[in-house]
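# Architecture and fold: a report
The chain contents come next:
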Amino acid sequence: MTEKNLTMLTDFYEFTMAHGYFEKGMANRRAYFDMFFRRVPDGGGYAIMAGVEQLIEYFENLKFTDEDIEYLRSKNCFSDSFLAYLKDFKFECDVWAVPEGTPIFPGEPIVTVAGPMIQAQFVETMILLTINHQTLIATKASRIARAAQGRVVLEFGSRRAQSYDGAIYGARASYIGGCNGTACVISDRDYGIPAGGTMAHSWVQMFPSEYDAFKAYAEIYPDNCVFLVDTYNVLKSGVVNAIRVANEVLAPMGKRPKAIRLDSGDIAYLSIQARKMLDKAGYSDVQIMASNSLDEYLVRDLLLQGAKIDSFGIGERLITSKSEPVFGGVYKLAAVEDDHGNIVPKIKISENVEKITNPHFKKVYRFFDKESGMALGDVLCVHDEVIDESKPYTLFDPIHTWKKKILTDYIAKPLLVPIFENGKKVYSSPNIHEIRAYCQSQLDTLWEQIKRFEYPQTYYVDLSKKLWNVKNDLLESCRIV
């Protein structure tokens, strides 16, 4: 792919603050920022991390062109010395991120940036834009794939996506989250996501009859015949003509249809009746595919109603995450360094308790049961803490501190991995198929109670005693009597 320079895709206040830091001699003061989110969309129990590969591309192409500098000059609010700094801009930050495909939970850092204040602050918008979008879609895809109970799920939403980037990256995120393929050709070309498709209603309408349309398609694509059977009447016409073409055109070639597709009507009833018709005609191997404004709840309900569906095509309710189309990731200052290189934790306080931030330069550990491999909980620690797996570890609720759980026989795995060191990439993104497989393996470590659609069990995300003390001390020091 041709990489785009998205340096100017930022909020204007990033420039006004950067200019202010520069003029006050704070440009190179080292700062630490965390991206995290406060709640899972759709009331779910987990989210799926996605978008790191595109974030890496952004950092690698971060530079100001002559046109960018001239635009900023035209605003008449920036000094010549600041514009000269931008012209010679070189990204020098350290970046850590949770790998794509990892289940993530509210409150924990999923991207951490440390570096010169101007730089660490400036990248806020693109970090949020990139991670929020793909994480939202990957999370929705995971829910839909789970509702399908192992059946094939294809992403069909390109034409309903919010812009072409929404279609392309949405298809990528959908595949990470559990979809088996996409209708979006460019996502196959650029990312290797399996693309497929057969016919639309217009194909059927172009021919003198539905039979003629199916016959023509079978003659051209005998090895991949999927008949769209709801243009006129599913049971009286569509399925009947599909069977007729299978007998008269494909059978003499030694071929069989792959599937029929239902795109309207009472899909549960129609699929049950179509299944009976196909089986009676000797085509029990021909699958039934369903599409038409589906989501995880409709998929689940169809299967509960006994629908005979083998695969699903999911469109706008996936590619836009229609039920909750915003992933509320935020990017907050966590610490700065003083003139002696000491890390000084910073906190944001709010009357809304969930908006109080966790201060300091942090790391995140995930605990796994050594015997079962199941995830037991996460803990946020100060950056220099090391967990000794040979000793019991006590998790405690950071709000209701009397709620405790002592872990033994566990493995503690750091979640954040280095992506950039001093502006140089130190991480190689896995290919999309590896990310998708990793996502599934990590979902398998979560208890089913956490993966419920409604009222899932809350996953433990706690603070170490050292970090809790830092936070509590800051809250006390900021208390106004």
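Residues numbered from 1 in each chain as written. Predicted model: local features only at pLDDT ≥ 70, side-chain atom pairs only at ≥ 80, totals over all residues. Heavy atoms only, no water.

### Focus: the packing of helix α2 (residues 52-60) against helix α6 (residues 124-147)
For clarity, the threshold we go by: Axis angles are defined between N-to-C directions and span 0 to 180 degrees, where every axis is a line fitted to C-alpha atoms and, for a helix, only to the segment in contact. A helix here means a DSSP run of H or I that spans at least four residues, while a strand means a run of E at least two residues long, and both kinds are numbered starting from the N terminus. What sets the label is the angle itself: under 35 degrees gives roughly parallel, over 145 gives roughly antiparallel, 65 to 115 gives roughly perpendicular, and the rest give oblique. Note: crossing handedness is left-handed where the near helix turns anticlockwise from the far helix by less than a right angle, and right-handed where it turns clockwise. Contacts are assigned to residue pairs with any non-hydrogen atoms lying within 4.5 Å of each other.
The interhelical angle for the contact between α2 and α6, taken along N-to-C directions, is 160°, at an axis separation of 9 Å. Between α2 and α6, the angle falls in the class roughly antiparallel. In this structure, α2 crosses over α6, and the sense of that crossing is right-handed. Residue-level contacts link V52, Q54, L55, Y58 and F59 of α2 to M126, I127, T130, I131 and Q134 of α6.

### A short note on the sheet that holds strand β8 (residues 226-228)
Strand-to-strand pairing in sheets goes through backbone hydrogen bonds, with the strands running parallel or antiparallel. Condition: A pair of strands is treated as paired once DSSP finds two or more bridges between them.
Taken in spatial order, the six strands line up as β7-β6-β11-β10-β9-β8 in an open sheet, and their pairing is parallel. Looking along the sheet, the strands with just one partner apiece sit at the ends: β7 (181-182) and β8. Where strand β6 (residues 152-155) lies against strand β11 (residues 311-314), four bridges are found, and the strand directions are parallel. Counted as the bridge partner of L154 is G313 from β11.

### Observations regarding the UniProt feature "domain: Nicotinate/nicotinamide phosphoribosyltransferase" (unreviewed entry) in the protein
Just so we agree on the cut-off: UniProt positions are given in the numbering used here, feature names are shortened, and annotations may be inferred rather than shown by experiment.
On the UniProt side, "domain: Nicotinate/nicotinamide phosphoribosyltransferase" (unreviewed entry) is annotated at positions that read residues 154-324 here. Taken end to end, residues 154-324 has its terminal C-alpha atoms 20 Å apart, with 50% of it in helix and 11% in strand.

### A closer look at the state of the cysteines
Formally: Note on disulfides: each one is a pair of cysteine sulfur atoms within 2.5 Å.
In the structure shown here, the tally under the stated rule is zero disulfides. Looking at C439, it has no disulfide partner, and the nearest cysteine sulfur is the one in C179, 11 Å off.

### Digging into the UniProt feature "domain: Nicotinate phosphoribosyltransferase C-terminal" (unreviewed entry) in the protein
Annotation from UniProt places "domain: Nicotinate phosphoribosyltransferase C-terminal" (unreviewed entry) at residues 362-471. Taken end to end, residues 362-471 is 17% helix and 35% strand, and its two terminal C-alpha atoms sit 12 Å from one another.

### Concerning helix α13 (residues 296-304)
To keep things clear, this is the line we draw: Each residue gets one of three labels from its accessible area relative to the maximum for its type: buried under 20%, exposed over 50%, partly exposed in between, using a 1.4 Å probe on protein chains only. The reported arc concerns the directions from the helix axis to the C-beta atoms and nothing else. Distance and chemistry together define a polar contact, namely a pair of N or O atoms within 3.5 Å, with one atom able to donate a hydrogen and the other to accept it when in protein, and with adjacent residues in sequence counting only for side-chain atoms on both sides.
Of all the residues in α13, the buried ones are E296, V299, L302 and L303. All buried residues of α13 lie within an arc of 130° about the axis, which places them on one face of the element. Buried residues in α13 make contact with α6, α12 (267-280) and β11. Between a side-chain oxygen at the N-terminus of α13 and the backbone nitrogen of Y297 the separation is 3.1 Å; the capping residue is D295. Remark: G306 follows α13 within two positions and exhibits a positive phi of approximately 85°.

### Here we look at the sheet that holds strand β21 (residues 461-463)
Pairing within the open sheet is mixed, and its four strands lie in the order β18-β14-β15-β21. Where the open sheet ends on each side, the last strands, each with one partner, are β18 (410-414) and β21. When the angles between neighbouring strand axes are averaged without regard to direction, this sheet yields 30°. Of the strand pairs in this sheet, strand β14 (residues 362-369) and β18 are connected by five bridges, and their pairing is antiparallel. Across the sheet, residue Y365 finds its bridge partner in β18, namely P414.

### Observations concerning the pairing of strand β19 (residues 417-421)
Alignment of strand β3 (residues 94-97) against β19, held across three bridges, turns out to be antiparallel. Paired with A97 across the strands is V417, a residue of β19. Across two bridges, β19 lies against strand β20 (residues 424-425) in antiparallel orientation. Paired with E421 across the strands is K424, a residue of β20. Count of turn residues in the β19/β20 antiparallel hairpin: two residues, of which N422 carries a positive phi of about 50°.

### Things to note about the environment of P392
With respect to the helices, strands and loops of the structure, P392 is situated in the loop between β15 (375-382) and β16 (393-396). The contact partners of P392, leaving out residues within four places of it in the chain, are I406, L407, T408 and Y410.

### A short note on the packing of aromatic side chains
As a reminder, the rule being used: Two rings from Phe, Tyr or Trp (for Trp, the six-membered ring) form a pair when their centres sit within 6.5 Å of each other. Planes less than 30 degrees apart are called stacked, planes more than 60 degrees apart edge-to-face, and all others tilted.
One pass over the full model with this rule turns up 30 aromatic pairs. Considering the side-chain rings of F91 and F420, the 5.9 Å spacing of their centres and the 85° angle between planes classify their relative orientation as edge-to-face. Taken together, the residues span a long stretch of sequence, with F91 in the loop between α4 (80-87) and β3 and F420 in strand β19 at a distance of 329 residues. Judged by its relative accessible area of 6%, F91 falls in the buried class. Among the aromatic side chains, those forming a connected cluster through ring pairs are F12, F15, F22, F64, F78, F82, Y85, F89 and F122.

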